[in-house]
Amino acid sequence: MGLGVCLLGLLALILSGKCSYSPEPDQRRTLPPGWVSLGHADPEEELSLTFALRQQNLERLSELVQAVSDPSSPRYGKYLTLEDVAELVRPSPLTLHTVQKWLLAAGARNCHSVTTQDFLTCWLSVRQAELLLSGAKFHHYVGGPAETHVVRSPHPYQLPQALAPHVDFVGGLHRFPPTSSLRQRPEPKVAGTVDLHLGVTPSVIRERYNLTARDVGSGTSNNSQACAQFLEQYFHDSDLAEFMRLFGGKFAHQASVARVVGQQGRGRAGIEASLDVQYLMSAGANISTWVYSNPGRHEGQEPFLQWLLLLSNESALPHVHTVSYGDDEDSLSSAYLQRVNTEFMKAAARGLTLLFASGDSGAGCWSVSGRHQFRPSFPASSPYVTTVGGTSFQNPFLITNEIVDYISGGGFSNVFPRPSYQEEAVAQFLSSSPHLPPSSYFNASGRAYPDVAALSDGYWVVSNNMPIPWISGTSASTPVFGGLLSLINEHRILSGRPPLGFLNPRLYQQRGAGLFDVTRGCHESCLNEEVEGQGFCSGTGWDPVTGWGTPNFPALLKTLLNP
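Residues numbered from 1 in each chain as written. Predicted model: local features only at pLDDT ≥ 70, side-chain atom pairs only at ≥ 80, totals over all residues. Heavy atoms only, no water.

Of all 6 residues in strand E11 (residues 224-229), 6 are buried, a share of seventy percent or more. Side chains Ser 224, Ala 226 and Ala 228 project from E11 onto one buried face, and the interleaved Gln 225, Cys 227 and Gln 229 project onto a second face that is buried too. Across 6 bridges, the pairing between E11 and strand E13 (residues 288-293) is parallel. Along E13, the bridge assignment pairs Gln 229 with Ser 293. Sheet topology places E11 next to strand E14 (residues 320-323); 4 bridges connect them, and they run parallel. Its bridge partner lying in E14, Ala 228 is registered against Val 323. (Buried < 20%, exposed > 50% of the residue type's maximum accessible area, 1.4 Å probe, protein only. Helix = DSSP H or I, 4+ residues; strand = E, 2+ residues; numbered from the N terminus. Pairing = 2+ DSSP bridges.)

This is how it looks when you write it as structure tokens:
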């Protein structure tokens, strides 16, 4: 049956049959650990679904990202506005018309678009959604530490073939909220107490990375930073106040978050949410801070996807965003991965710096056709974000050189090819590392990560008015690195320069200038006879465990201040 037949009438678009296709055949639909089904949703229950519409001019977008992010380009720092990006990627009139008529005929209500017009979020009843998305069956699920409720389909969905040129995927069917991988490690044993610190605090970070009391925001620029949280966790203002009372006495800082976007629940504070806010605001001290808190929270929505929609709908955004969200790359459909990667390109074109945690499973591990392989994480593996790995102090009680934190996520993407900006650095690592795992374990031609690192081991956090020690994870290193980039943006803005924007092309051109090279340690991986739990190892220069290294603030400021 040909495409022409499929286009006959709107009902042909709604009704499934031989003219249908699956946008996400490779999306994992197994239930994550700790989630249980509560049964089929009521047919009259209301659902919110997000339709990702096919964009235009993506090659041109890629070229522009390269031009505005490369210091050797005449267009460096000349970022696009949201309206410029919208003009470039907006779906074709045919796409907009076809999808809107299809949804209208299906009974969709309260449809909302974004400035770039490439997402459409609509309300439908479960009955309408199951008719519209052939094969889908919506169930209620509950799971996660917060006993989160979601509505998802355990079965794949199909769309009419006539929509294949117009819709990338539908959000709100399969992907479950992420869980935190933060750990509270046992307190290390120590003899003697001379010149010791008892865990990582803002003063420890500021001493290690060579910040002075003057290295804070001026309070006079329009500089701002943000962290985004998707764990159904919340921070409390009272915890931030207590944290700054305990640990923020030696530097100027802001007393509260400037803006919360999304839902701030009234429940108990979460350690991850508390950590993000407290360390972004103490590293990027005295800089206006936003928090994206479980944006678009409804049982049918995906919080991470809703955050991306918010970025496409706000013309004035913070310059630096730190995000601790991650998922196994292989658990996500290629349509979703490619589209999210394009959303990062849109952000890069606008001069936003997106920092993602590299993950807390080292190189990762999974079995493919009976053979072990390393398991990359996404969005850490996207070529359009800056990915932050983790380190520990060589002596856990002294402010000393850093070594690899064995949990530090890193490796090579199985989806995204190696970008040109890191070609030389990765080739150098692969040709010189004395401890490379067997080649069957990783895709040597893929995007390699992380790009940088910071301390990720042994943090103090205040949560529910309790100081909690020894919290560890790249969820800690990411806001710290982000805060320091915000301080550098402050200097750039006050001297009339644009913010740093997408950092990676510049970072790799400068070959780790302004960073402490971490050359000792390996991260974890598959526990088998072949690799015996060891993934990649750090070495001189860039490596897929700690990237180019950790920040030496005065040197990094000097390196990134001009042009």
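On we go.
Tracing the backbone through its elements, the reader meets Leu 96 in helix H5 (residues 93-105). Taking the C-alpha atoms as reference, Leu 96 lies 8.3 Å from Gln 117; in sequence the two are 21 residues apart. Once residues within four sequence positions are removed from consideration, Leu 96 is found in contact with Leu 53, Pro 91 and Gln 117. (Contact = heavy atoms within 4.5 Å.)

The next subject is the pattern of salt bridges. Applying the stated rule across the entire model yields 22 salt bridges. Residue Arg 109 pairs with Glu 46 through a salt bridge whose shortest N-O separation is 2.6 Å. A residue pair is termed long-range when its members are at least 10 positions apart, and Arg 109 in strand E4 (residues 109-113) and Glu 46 in strand E3 (residues 46-53) qualify at 63 residues. A relative accessible area of 36% places Glu 46 in the partly exposed class. Put simply, Arg 60 and Glu 63 hold a salt bridge, and the shortest N to O gap is 3.4 Å. Here Arg 60 pairs with Glu 63, and both are found in helix H3 (residues 58-69), just 3 residues apart, close to one helical turn. Classification of Glu 63 as partly exposed rests on a relative accessible area of 46%. One network of salt bridges, in which partners are shared, links Arg 54, Asp 118, Asp 168, Arg 339, Glu 343 and Lys 346. (Salt bridge = Lys/Arg side-chain N within 4 Å of Asp/Glu carboxyl O.)

On to the UniProt feature "binding site: Ca(2+)" (unreviewed entry) in the protein chain. Residues given the UniProt feature "binding site: Ca(2+)" (unreviewed entry) here are Asp 517, Val 518, Gly 541 and Asp 543. Spatial clustering of the annotated residues is evident: they stretch over 27 residues in sequence, but the largest pairwise C-alpha distance comes to 9.7 Å. Turning to its location among the elements, Asp 517 is positioned in the loop between strand E27 (515-516) and strand E28 (522-524). For Asp 517, the contacting residues outside a window of four places in its chain are Gly 539, Thr 540, Gly 541 and Trp 548. Looking at where Asp 543 falls in the secondary structure, it is placed in the loop between strand E29 (534-537) and strand E30 (550-551). Accessibility expressed as a relative area gives 0% for Asp 543, which makes it buried. (UniProt positions renumbered as here; feature names shortened; annotations may be inferred.)

Time to look at unusual backbone geometry. The peptide bond linking Phe 378 to Pro 379 adopts the cis configuration, its omega dihedral lying at 10 degrees. Structurally, Pro 379 is set in the loop between strand E19 (377-378) and strand E20 (386-393). Positive phi outside glycine occurs at Asn 110, with the angle close to 50 degrees. As for its position among the elements, Asn 110 is in strand E4. Exposure remark for Asn 110: the relative accessible area of 54% places this residue in the exposed category.

With antiparallel pairing, the 3 strands of this open sheet are ordered in space as E10-E26-E25. The two strands at the open ends of the sheet, each matched to only one other strand, are strand E10 (183-184) and strand E25 (459-463). Of the pairings in the sheet, the one linking E25 to strand E26 (residues 466-472) comprises 4 bridges and is antiparallel in character. Considered in E26, the bridge of Val 462 is made with Pro 467. Against the sheet, helix H8 (residues 237-247) engages E25 and E26, with an angle of about 140 degrees to E25. (Axes fitted to C-alpha atoms, helices over the stretch in contact; angles between N-to-C directions.)

Another aspect to go through is helix H11 (residues 334-349). Between its first and last C-alpha, H11 extends 23 Å over 16 residues, near the 22 Å set by a 1.5 Å rise per residue. With respect to burial, H11 is a largely interior element, 14 of its 16 residues being buried. Immediately beyond the C-terminal end of H11, within one or two residues, lies Gly 351, with a positive phi of roughly 85 degrees. (Expected span 1.5 Å × (residues − 1).)

Now for the packing of helix H10 (residues 303-311) against H11. The N-to-C vectors of H10 and H11 enclose an angle of 35 degrees; their axes lie 10 Å apart at closest approach. Between H10 and H11 the crossing geometry is left-handed. Judged by residue contacts, Phe 304, Trp 307 and Leu 308 of H10 engage Tyr 336, Val 340, Glu 343 and Phe 344 from H11. Taken together, the residues of the contact of H10 with H11 break down into 6 nonpolar, no polar and 1 charged. (Left-handed = near helix turned anticlockwise from the far one by under 90°. Nonpolar A, V, L, I, M, F, W, Y, C, P; charged D, E, K, R; others polar.)

Next up on the list: the sheet that holds strand E9 (residues 167-171). The 4 strands lie next to each other as E4-E5-E3-E9, forming an open sheet whose pairing is antiparallel. Every interior strand has two partners, whereas the edge strands, E4 and E9, have only one. The average angle at which neighbouring strand axes cross in this sheet is 20 degrees, direction not considered. Direction of pairing for E4 relative to strand E5 (residues 119-125): antiparallel, over a ladder of 3 bridges. Across the sheet, His 112 pairs through a bridge with Thr 121, a residue of E5. Strands E3, E5 and E9 of the sheet are contacted by H11, whose axis makes an angle of about 100 degrees with E9.

Formed by 142 residues in total, the largest nonpolar core has its most connected members in Phe 51, Leu 133, Phe 138, Phe 304, Trp 307, Phe 344 and Tyr 459. In terms of residues, this core owes the most to one element, H11, which gives 8 residues. When sequence neighbours within four positions are dropped, the list of residues in contact with Leu 133 reads Leu 49, Phe 51, Trp 102, Phe 138, Tyr 157, Gln 158, Leu 159, Val 170 and Leu 173. (Core = buried A, V, L, I, M, F, W, Y, C linked by side-chain atoms within 4.5 Å.)

Looking now at helix H4 (residues 82-89). Along H4, the residues that are buried comprise Leu 82, Val 85, Ala 86, Leu 88 and Val 89. Down the axis of H4, the buried side of the element spans an arc of 165 degrees, and every buried residue falls inside it. Turning to H4, the residues buried within the fold contact H3, H10 and H11. (Arc of directions from axis to C-beta.)

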